[in-house]
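# Inside the fold
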Amino acid sequence: MDTKSRSIKPAIAFFSFVLGITLLFFSGAVAFCAVRELGWTELTDAFQSDYQDTSRFRSVITGWFTRMGTGEFTEVEGLTDRNLLYRIEREGQPVQTNCPELTSDNLPDGYNFLLSFDGHTITVQKDGRNVNIYGDGIYRDNSLWALPGYQNVPISDSYSDVTLLLAAAKEPCVYATPADIVQYSMAYDSGLYDVAASQQRVRSILFWMLAIPLTLGVSLLLWSILWHKHKLRADQAIAWFTGRIWLEVKLLLLIPFSLVCLLAIYLTSHAFLYNQFHHSLLPYWSIPIAMWWAYLYLNDLRYNFGNIRLHSLCAALARLYQGKELRWPAGQRIVRRSVLQFVATLPFILCCMILFLLLLPSALYNGFLLFILFILAIAGLALIAAQLWLLRQNRRTAADMDAMLVRIQAAGTGNISSAPPLEDPDLQAAAEGLDQMEARLKSALEDQMKSERLKLELITNVSHDLKTPLTSIISYAELLRQEENLPDHVRDYIQVLYQKAQRLQSMVLDVFDVSKAATGNLIVTVRPLDFSKLLRQTLADLEEDIQASSLTLRPTLPDGPVWILADGDRLYRVFQNLIGNALKYSLEGSRVYLTLTVDQGKAVATVQNTSRDELPPGVDFTERFVRGDQSRTDGGSGLGLSIARTFTESCGGSFAIRTQADLFTASVTVSLTDARPEPEVAP
Amino acid sequence: MNECILVVDDDAEIVRAISILLEKEGYRVLKAYNGLQALELALEPSLRLILMDVMMPKLDGLSAVLKIREQRNLPILILSAKSEDTDKILGLSMGADDYISKPFHPQELVARVRSHLRRYTQLGDVNGPSQKTELVTGRLCYLPDQKTLLADGVPVRLTATELKIVDLLMRNLGRVFPAEEIYRRVWNEEPYSAENTVMVHIRRIREKIELNPKQPEYLKVVWGIGYKIEKH
C-alpha cells in the first residue's frame, strides 16, 4: 500500500504538472488566436446577454436603415425572414412593409425593439422605453450607433420624405432553409439571426477551448505545486532514467530536437509577426514537444551534471579497455597504447589519401592546388613515419621496463636474479641502484638480526648480574629477620628492606619475562582449555587477596565450558595481573567486574574497575613501565599490563584497554576452538 | 648429627649467607669459591650434600657436577641465576638432583636441603626394598592402607577432607581432575561453588607438603582444566 502510493503520487504530480502547463499554453494560444481572428468587438459582443446590445446588431440595423431610407431597398426583393419587420412610407409611393399591422404604437408579440423615423428624428424604443442612441450628441469613433442625427452628423435632407419603422425580434430564429436561400437568390436575409447565432458560437468556442482548458490547467498546476515534493521525486526518477542514457545518444538526439525547436520557433514567429497560420494543426504539435524535450534536457542537466561523463559510451569503452589493460604488464600496456594512438590517426590519414586521389586529376591543371596537395602528401607521409618510429622506440623502452619490473618483483620476494643489462641507460642505472639496494637491505637485515641477538644476550646478562646481588640481599635480610634481641625500630627497617628486596625480585622476573616475549623467545604451549574454568580457578586462587581488599568482585561467567586454544599458565598470568591491578588501583569499596561473553566465534573476557586516581587521557597503558600514576610510588613494576598484552598475543589473542572517565576496562579476546582436551587416563 | 654440606659459589657473600643459614639448622658447612676447589673438597668422606653455582671461574658448576658424579652418589643441588627451562633441563640431565634459581627464598633453600638429605640418608633410593602399596612421587609417599602421606619421610598432618583429596590425586598420579569431579567424589554432593571450595583446600594442602607453596612442584593447577599431583 505504502510503496504503491509512493510510486503513484510522483507520477500523478508529474503528469498534472505536464498537463497543466500544456493546457495553459494551449489556452494562451487559443486566446491569442481569438483576439487575432475575432477582434475585441466580436469578443465583447460574445459576452453580451442580449444580442441587441452587440455592435453587430447595431451595424445591421444601421445598414437596413440606410438602405431603406435611401430607397436602395425595394419591395420586390423583400426580406425572407420575419426577424426584422419594416414599414417604409415614402411620399408618392406605396407603403412597403412585411407587416401591415406594424405601427409606432403597436409592436407585435415577440418583438421588443422599435426604430422609428419620422423624416426628421430617429427614435429607438426597447421594451417600450426610449433609448438614447446619441449619447452626448457628438459622434466619435467609439460611439455606439453610427446612425445619423448627431450634432456633427446631421440627418441628410434626402431622408426628409421618408417615415420608417423597423422592429427587431426579441429572439431571432431561422426562417429560411438553405434551399429557400438558393431559390430566392435575390431575397435578403435580415442577418439578425446570424448575429445571435455567431454570438452563441463564439461563446461556446471560448468556453470549450479557452475557459475549460484554462481552469483545468491552473488547477492541475496548483495541484502539482502542492505536491511539489512528489514532483521532485518524479523528476529524480526521470533523471535517473535519462542518466542511464549514453551521453553520445543525448548529443545525437540534439539534432532532431533542434529541428523541432526551429519548426516551433518558425510557426510561432509567423503567427505573431505576420498573423500567418498553417492550414494543418499537425506542425503545431512541435511547440509542446519542443518544450517538454527541453524540459527533459534541463532536468537531466540539473541532476546528472556531475556524472554526465560517467554515462557516456566513450567513457564506458575507456573503462572497459582500462580493465582489460591491467592483464598486460606495464610495458606491454604502453606499447598497446601507442598502437591505439596510431590506429586512431588512421581514419584521418585515410581521408587525406582519398581527398588526395579525388583532387589529383583536377589539380593537374591547377598549379596552386597541386602545390597544396604536394605539401599534404609530404605531411601525411611524415606523420606515418614518425608514428612508426615512435612505436618502435616505445616497444624497446617498454621491454626494458618490463624486465626492470620483473627484477623489482624478484627483489621484493627475495629472489635475486641476474638479468642481462638493459638498453635504456636510465633504466639500467635504476637496475644497478636496485642491485645496490638489495645488497644494502641484506646487510641491514643481518645487522638487525645481530642486534636482536645481542639485545637478548644483554638482557640475559643484565638479569643474571642483577639476580646475583639480589640473592645476597635477600639472604642477609632473611638472616637479619631471624636475628633476635633487636630493637623494634631496627626490626621495622629490616622488614622494609625485606619487602623491597622481594619487590625487586618480582620486578627482575617481570622484566625478564617481557623481554623474552618481546624478542620472541617465550615458549608457548597451546592446548584446548575451558576459559570459564580458568577464570574461576584464577578467582579461587586470588581469593585471599580479594578477601583482604575492600573491593567486591562480581564475576559473570557462562555456566557451560568455553573452549579456547591457549597456554593456560600464560593466560593465568594475564588475569592474575589484570585482577591484581584492579585490586591495587581501584577506588576503595568499589566493585570489580569480571565478565566472559561469547560472540561470533570469539570469547571476550573483560575486567572493569573504577580507578582510584584520575586516569590520564591518551596514555597507552600496555606500554612498558607505564602507570596511571606517573610518580611511580605505588607497588607495581609498571609491567603488569605489558605482560598481560604480550602473553595474550603470544596465545593468539588480542588485548585492549579502554578508559572512560575513571572506568578502566581491559579486555582479552580469544578465538573459540572445536578441539577438546584428550582425556587423561590414570596410569 | 652434624651432616656436612659443601657450598660452592664465586660470590663469597652468598656462600657466607648460605653457611650461616645452614649452620643455624645444625649442619656443618664446607666452602668453595670455584669449581676446582669444589672438586677437592668433594672427596671429603663426611660430605652429604653439595650446593653448586653454575657460572664460576676456573671450572664451571656443570662440569664440576659431571666430575663429582664420577666418584660420588650424593645429592647435588644447583644454584643458578639462569632460570630458563632449558637451563634447568640441562642442569638436571648433567646429574644434578635439584635446580634452585636465584634469587631464592632462604627458607625454601633450607627446606630443599633438608628434604634431599632426609631422602639420601634415611629413606634410601627407589631401587631399595619398598612396600608395594606405597605410592611414591618425588618427596611424597602415600600409604593408602594407613591413609598417611609422608613428605620426606615425615607424616603430614591432614584434615579428613584434605586427606580425601590427597587420596584421590595420589591414587591417580598425573591425572587432571576438574574441581567439580573432586567435589563430587570427596564431598559426595552435587558441586556448588566447587572451584573456590576445592581451591581453599588445595592451598592448605600445598602449605603442608610444598617447599614453596607459591611455586608448587606437586599439587598443581592445570589452568582451564583442573588439578593434579605431578608425577616426578
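The model shown is predicted, which means the values in this text are computed figures rather than measured ones. (Residues numbered from 1 in each chain as written. Chains lettered and ligands numbered in written order. Predicted model: local features only at pLDDT ≥ 70, side-chain atom pairs only at ≥ 80, totals over all residues.)

Helices and strands together make up the secondary structure of chain B, namely eight helices and eleven strands. For chain B, the residues scored as buried account for 37% of the 232 residues in total. The long-range share in chain B, meaning contacts at least 24 apart out of those at least 6 apart in sequence, stands at 56%. (Helix = DSSP H or I, 4+ residues; strand = E, 2+ residues; numbered from the N terminus. Buried ≥ 20, exposed ≤ 12 C-beta atoms within 10 Å, placed from the backbone. Contact = placed C-beta atoms within 7 Å.)

Take the overall build of chain A next. Of the regular secondary structure elements, chain A holds 16 helices and 13 strands. Expressed as a percentage of its 683 residues, the buried residues of chain A come to 21%. In chain A, the share of contacts with a sequence separation of at least 24, taken over all contacts with a separation of at least 6, comes to 70%.

Let us look at the confidence of the model for chain B. When pLDDT is averaged along chain B, the result is 85, and 95% of the positions lie at 70 or above. Long-range and interchain partners of residues 125-129 of chain B, a stretch whose pLDDT sits below 50, account for zero contacts in this model, where long-range means more than four residues apart. (pLDDT = per-residue confidence, 0-100.)

For helix H15 (residues 568-585) of chain A, spanning 18 residues, the distance from its first C-alpha to its last is 25 Å, which sits close to the expected 26 Å at 1.5 Å a residue. With 13 of its 18 residues buried, H15(A) lies for the most part within the structure. (Expected span 1.5 Å × (residues − 1).)

All names here are of chain A. If you walk across this open sheet you meet the five strands as S8-S10-S11-S13-S12, and the pairing is mixed. Bordering the open sheet on either side are strand S8 (552-556) and strand S12 (654-660), each of which pairs with just one other strand. For this sheet, the mean angle separating the axes of adjacent strands, direction not counted, is 15 degrees. As defined by bridge partners, strand S10 (residues 591-599) adjoins strand S11 (residues 602-610) across seven bridges and the pair is classed as antiparallel. Bridge assignment links Tyr593 to a residue of S11, and that residue is Gln608. Sitting on the sheet, H15 touches S10, S11 and strand S13 (663-671), and the angle it makes with S11 is about 20 degrees. Along the sheet, helix H16 (residues 640-650) makes contact with S12 and S13, crossing S12 at roughly 145 degrees. (Pairing = 2+ DSSP bridges. Axes fitted to C-alpha atoms, helices over the stretch in contact; angles between N-to-C directions.)

Here we come to the interface of chain B and chain A. If you look at the interface, chain B gives 27 residues, while chain A gives 32 residues. Where the side of chain B that touches chain A is concerned, the elements lending two or more residues are helix H1 (12-24), helix H8 (194-209) and strand S10 (219-222) of chain B. Looking at which element gives the most residues to the side of chain B that touches chain A, the answer is H1(B), with six residues. Each residue belonging to the side of chain B that touches chain A can be placed in one class, and the counts come to 16 nonpolar, four polar and seven charged. (Nonpolar A, V, L, I, M, F, W, Y, C, P; charged D, E, K, R; others polar.)

With that out of the way, let us pick up the confidence of the model for chain A. Regions with low pLDDT should not have their predicted coordinates read in detail. Averaged over all residues, the pLDDT of chain A equals 83, while 91% of them reach at least 70. No element of chain A has a lower mean pLDDT than helix H3 (residues 178-183) of chain A, which averages 57, and none a higher one than S11(A), which averages 91.

Our focus in this paragraph is unusual backbone geometry. That bond from B:Lys102 to B:Pro103 is cis: its omega, -5 degrees, falls within 30 degrees of zero. Unlike most non-glycine residues, A:Ala661 shows phi in positive territory, near 55 degrees. Mapped onto the elements of the fold, A:Ala661 is located in the loop between S12 and S13. If you check the backbone angles, B:Lys147 has positive phi at about 55 degrees while not being a glycine. Tracing the sequence through the fold places B:Lys147 in the loop between strand S7 (140-143) and strand S8 (148-151). Overall, the presence of 13 C-beta atoms within 10 Å leaves B:Lys147 in the partly exposed class.

A few words on the nonpolar core. Counting 63 residues, the largest nonpolar core has A:Phe531, A:Leu571, A:Leu578, B:Ile182, B:Val198 and B:Tyr227 as the members making the most contacts within it. Per-element accounting of this core gives the leading share, eight residues, to H15(A). B:Val15, B:Ala32, B:Leu62 and B:Ala96 belong to the second largest nonpolar core, which has 37 residues in total. (Core = buried A, V, L, I, M, F, W, Y, C linked by C-beta atoms within 7 Å.)

It is worth spelling out the pairing of S8(A) at this point. All names here are of chain A. Little of S8 is tucked away, with zero of its five residues classed as buried. Relative to S10, S8 runs parallel, the two being bridged by five bridges. In the sheet register, Thr552 faces S10, and the bridge partner there is Arg591.

With that settled, consider the sheet that holds strand S6 (residues 135-137) of chain B. Residues and elements named next belong to chain B. If you walk across this open sheet you meet the four strands as S6-S7-S8-S9, and the pairing is antiparallel. Unpaired on one side and paired on the other, S6 and strand S9 (154-155) mark the two borders of the sheet. Sheet topology note: the S6/S7 ladder contains three bridges and is antiparallel. Looking at the pairing, Leu135 lines up with Tyr142 of S7.

Residues and elements named next belong to chain A. For Val60, the position within the fold is in helix H2 (residues 55-70). Classification of Val60 as partly exposed rests on a count of 19 C-beta atoms within 10 Å. In the structure, Val60 is positioned 135 residues away from Val195 in sequence and 8.6 Å away in space, judged by C-alpha atoms. When neighbours within four sequence positions are excluded, Val60 is seen to be in contact with Gly191, Leu192 and Val195.

Turning our eyes to something else, we now look at the packing of helix H6 (residues 247-274) of chain A against helix H7 (residues 286-304) of chain A. Helix packing geometry: the angle between the two helix axes and the distance between the axes. Residues and elements named next belong to chain A. Interhelical geometry of H6 versus H7 gives an angle of 135 degrees and a closest axis separation of 8 Å. Taken together, the axes of H6 and H7 are oblique relative to one another. For the pair H6 and H7, the sense of crossing is left-handed. The segment H6 lies against H7, with Phe257, Val260, Cys261, Leu263, Ala264, Leu267 and Thr268 engaging Ser286, Ile287, Ile289, Ala290 and Trp293. Taken together, the residues of the contact of H6 with H7 break down into ten nonpolar, two polar and no charged. (Parallel < 35°, antiparallel > 145°, perpendicular 65-115°, else oblique. Left-handed = near helix turned anticlockwise from the far one by under 90°.)

Helical geometry: 3.6 residues make up each α-helical turn, so side chains three or four residues apart lie on a common side. Residues and elements named next belong to chain A. When the terminal C-alpha atoms of helix H12 (residues 488-518) are compared, their 45 Å separation across 31 residues agrees well with the 45 Å that a helix rising 1.5 Å per residue should span. Of the positions making up H12, those classed as buried are Gln505, Val508, Asp510, Val511, Val514 and Ser515. Those residues of H12 hidden inside the fold are in contact with helix H11 (425-482) and H16.

Right, let's talk about the packing of helix H9 (residues 330-363) of chain A against helix H10 (residues 367-413) of chain A for a bit. Residue and element names in this part refer to chain A. Look at H9 against H10: their axes get within 9 Å of each other, and the N-to-C directions meet at 170 degrees. By the angle class used here, H9 and H10 are roughly antiparallel. Among the residues making up the contact of H9 with H10, the classes are represented as 24 nonpolar, eight polar and two charged.

Here the focus is the environment of A:Asn581. With respect to the secondary-structure elements, A:Asn581 resides in helix H15. Not counting residues within four places of it along the chain, the set of residues in contact with A:Asn581 comprises A:Gly640 and A:Leu641.

Moving on, we get to the environment of A:Val496. Residues and elements named next belong to chain A. Among the secondary structure elements, Val496 is positioned in helix H12. Taking the number of C-beta atoms within 10 Å as the measure of exposure, Val496 has 10 and is therefore exposed. Separated by 19 residues in the primary sequence, Val496 and Ala477 have C-alpha atoms spaced 9.6 Å apart.

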